[in-house]
Amino acid sequence: MSIANPLLEPFDLAPFSKIKNEHFKPAFLQAIEDARAEIDAIVENPEAPTFENTLEALDFSGQQLDRVSSIFFNLNSAETNEEIQKIAQEVSPLLSDFGNDIILNEGLFQRVKSVYEQRNELDLTPEQLTLLEKRYKKFSRNGANLNEEDKKRLRKIDAELAKLKLTFGENVLAETNKYELLLADEKDVEGLPEGEKEAAEQLAQSKGKKGWLITLDYPSYIPFMKYAKNRALRKELSIAFGSKGFHNNELDNQENVLKIVALRHERANLLGYPTHAHFVLEERMAETPEKVMDFLNELLEKAKPAAEREFNELEDFAKQLDNIDQLEKWDSAYYSEKLKQKLFNLDDEKLKPYFKLENVINGVFKVAEMLFGLTFKEVSNIDKYHDEVKTFEVYGASNNFISLFYADFHPRAGKRGGAWMTSYKSQFTLNGTNSRPHISNVCNFTKPTSTKPSLLTFNEVTTLFHEFGHGLHGMLANTTYPSLSGTSVYWDFVELPSQIMENWCYEKEALELFAHHYETGELIPMELIEKIKESATFQEGMATVRQLSFGFLDMAWHGTDPTGIKDVKAYETKAFEGTDLFPKTPETCMSTSFSHIFQGGYSSGYYSYKWAEVLDADAFAYFKEQGIFNKEVADKFKEHVLSKGGTENPMELYKRFRGAEPKIEALLERAGLVELKD
Ligand SMILES: [Zn+2]
């Protein structure tokens, strides 16, 4: 190649200003070729396999490819355009082919296996042992140890599963798009806020129709269930929503559910696991289906009385208001919203003046300084992909360079919705040099105007703290191997650093650092914070039981031998027993549109939402006991959790920090699910 490609030169900082879109494809092709050559060299090494010449060499291979990929895919999320999206379509299959070629590389596997079999004699550090075990498992969990016939069967199962998951998702989407509730009479949208009414009217117009159009898309469905006064219409919409993929037509997903769980079970058995859940949980902090079931049951036992109490309160409220005798599923959001308004009357607009973006950023930096001794220095000499991106150098207590931090806060045409943390370079240690990471937070907070600064809702404040927590996990990483660094941990552990940071947003001592009115400088009144706290746990019992019911359903499908199951709805009804609060609706079925577990990656993993909450509540309780800025506790958290990445089993790391396994009590208390004794 004659024209210099900045992505193919060695670089430390991402060279954004020099990169043109036409650089990406050739950079990917070259970097993949180079990475392949590195792998070949490992496989063809005439020396006997050792940890260094195989595992270590493998972990440090493909570094240029990692850098190019991270720049490219981060831009595809934060600053994309049609050209970038087109390149993504082209390179994604190349990357997955490359990944498959590694995982199916027999020569490479034999070298890894040979080291793995000697692991007890090799005097490896805990981190090295983890690297070896994870790498070996990656091969074995993909069938590397199977005989040829079983390998063939495994590939066939994988191909079928990929197709079924796709069909499942397509059916859910088609069912969602197919349904329309067109309302001709304005009385039928009574109760909806003006903005929602307008949106429904515009939606109708956009389809050449008159009146108000409601669909099963969340932005249309949710407000209608929350505000629409017409109970019969709420019922109609709720049943339509709950019966996606359950109409015995060409879009029905019942057969697909049964086929997916049967294939997953067969796959797990082939690989030597009793069930799919055993297979999945082997690489999770929760470890086994038994532990997950115990966890779900323990929480259910504690949450159920609160849920029943809340249900009765809500039913009484509905009775008083509208003479409703039996509260149904389609009444829940509607009366909950009314009750919440009555109890709290909390308004975002009241809170926003106390949360000017710059103040909140300084606040989160200050919290990081008080806890972990970090200082953030804004710098202007770092190459960036957009003017709005802010760049910081992060230093430790002894003025040592810790990390680079990119912060990109406002929505733009080329940015996807939501908020996330990502990295442009992960931390690692090579030849005695600790190479520090480049971390990024991307959000979509309201932009400042010429007259008003960017003011955050409280929800946005906790989002900022949350993503910054993931950021700290990346910034403070201190490991040897890049694949174990930072946020590369089991996924029921990855939300601990982020969720724990949210806790500081509710604490007076922390709020005093930054929650000052942007005009008057007045500190946020504590009554407001108390109200936020109370409203955050409003109907927490019901919400918990609902979350648990999904976890139970997930485990019912994946934690047992499913070959005898014939009737999806009947099986689901049984799994929900014990979590039911509302009367049953025979017309609906959750499983046939449960995309999280049948299309996405959450199979045997739904429990992890609650698991992560238990972890962060239990960890923060330790701070509360010792003081939320206690140095010793913070040091332990940094030492045993934030810096360690995935170098050891997360339960071991957690116990070293906390002195014990996580217990559910702190969450119950925070969620208001324990009866306080007087
Ligand atoms: Zn998160």
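Please refer to the structure placed before this passage.
Our focus in this paragraph is the packing of aromatic side chains. Under the criterion given, the structure shown has 54 aromatic pairs. Geometrically, the ring pair formed by Phe28 and Phe72 is edge-to-face, given 5.4 Å between the ring centres and 90° between the ring planes. Here Phe28 is found in helix 1 (residues 21-44), whereas its partner Phe72 is found in helix 3 (residues 63-78), with 44 residues between them in sequence. Aromatic pair Phe637 and Phe657: ring centres 5.1 Å apart, planes at 65°, arrangement edge-to-face. On the criterion of sequence distance, the pair formed by Phe637 in helix 25 (residues 631-642) and Phe657 in helix 26 (residues 650-658) is long-range, its members being 20 residues apart. The class of Phe657 is buried, set by a relative accessible area of 0%. Ring pairing ties together the aromatic residues Trp504, Phe620, Tyr622, Phe623, Phe637, Tyr654 and Phe657, which thus form one cluster.

One pass over the structure, following the stated rule, counts 45 salt bridges. One salt bridge in this structure joins Lys655 and Glu652, with 3.7 Å as the shortest N-O distance. Here the residue Lys655 and the residue Glu652 both occupy positions in helix 26, the gap between them amounting to three residues, near one helical turn. Connected via shared salt-bridge partners are Glu79, Glu388, Asp408, Arg412, Lys415 and Lys447.

Here we take up the coordination of the zinc ion. Six octahedral donors around a metal ideally sit at 90 or 180 degrees from one another, while four tetrahedral donors ideally sit at 109.5 degrees. Around the zinc ion, the protein supplies His466 (NE2), His470 (NE2), Glu495 (OE) and Glu495 (OE) as donor atoms, at distances of 2.1 to 2.8 Å. Geometry at the zinc ion is irregular, judged from its four donor atoms and the angles of 51 to 141° they form at the metal. Linear spacing of the donor residues for the zinc ion on their chain is H-x3-H-x24-E. On the criterion of helical spacing, the pair formed by His466 and His470 is a turn pair, its members being four residues apart in helix 17 (residues 458-475). His470 shares its class with His466; the two are buried.

Attention shifts here to the nonpolar core. In terms of nonpolar packing, the biggest core is built from 105 residues, with Phe355, Phe376, Phe405, Leu464, Phe465, Trp504 and Phe623 touching the most fellow members. By residue number, the principal contributor to this core is helix 13 (residues 289-322), which donates twelve residues. Residues contacting Leu464, with those up to four places away along its chain left out, are Leu357, Val360, Ile361, Val364, Phe409, Phe445 and Leu456. If you look at the next biggest cluster of nonpolar residues, it comprises 53 residues, including Phe139, Ile382, Tyr424 and Val442.

For the coordinates displayed, the defined rule picks out three cavities of 30 Å³ or more. The volume enclosed by the largest cavity comes to roughly 60 Å³. Ile361, Val364, Phe365, Phe405, Ala407, Phe409, Asn441, Cys443, Leu464 and Phe468 are the residues that line the largest cavity. Every element with two or more residues in the lining of the largest cavity is listed here: helix 16 (357-372), strand 5 (401-408) and helix 17. When its residues are assigned to classes, the lining of the largest cavity shows nine nonpolar, one polar and no charged.

Reading the values: the criteria
Residues numbered from 1 in each chain as written. Predicted model: local features only at pLDDT ≥ 70, side-chain atom pairs only at ≥ 80, totals over all residues. Heavy atoms only, no water. Phe/Tyr/Trp six-rings, centres within 6.5 Å; stacked < 30°, edge-to-face > 60°. Helix = DSSP H or I, 4+ residues; strand = E, 2+ residues; numbered from the N terminus. Buried < 20%, exposed > 50% of the residue type's maximum accessible area, 1.4 Å probe, protein only. Salt bridge = Lys/Arg side-chain N within 4 Å of Asp/Glu carboxyl O. Donors = N, O, S within 2.8 Å, 3.2 Å for Na, K, Ca; no water. Tetrahedral: all angles 85-135°; square planar, octahedral: opposite > 155°, others 65-115°. Core = buried A, V, L, I, M, F, W, Y, C linked by side-chain atoms within 4.5 Å. Contact = heavy atoms within 4.5 Å. 1 Å grid on protein atoms, 1.4 Å probe; cavity = no way out; pocket = protein on both sides within 12 Å on 5 of 7 lines; lining within 4 Å. Points joined across faces, edges and corners; volume = space filled by probe spheres on them. Nonpolar A, V, L, I, M, F, W, Y, C, P; charged D, E, K, R; others polar.

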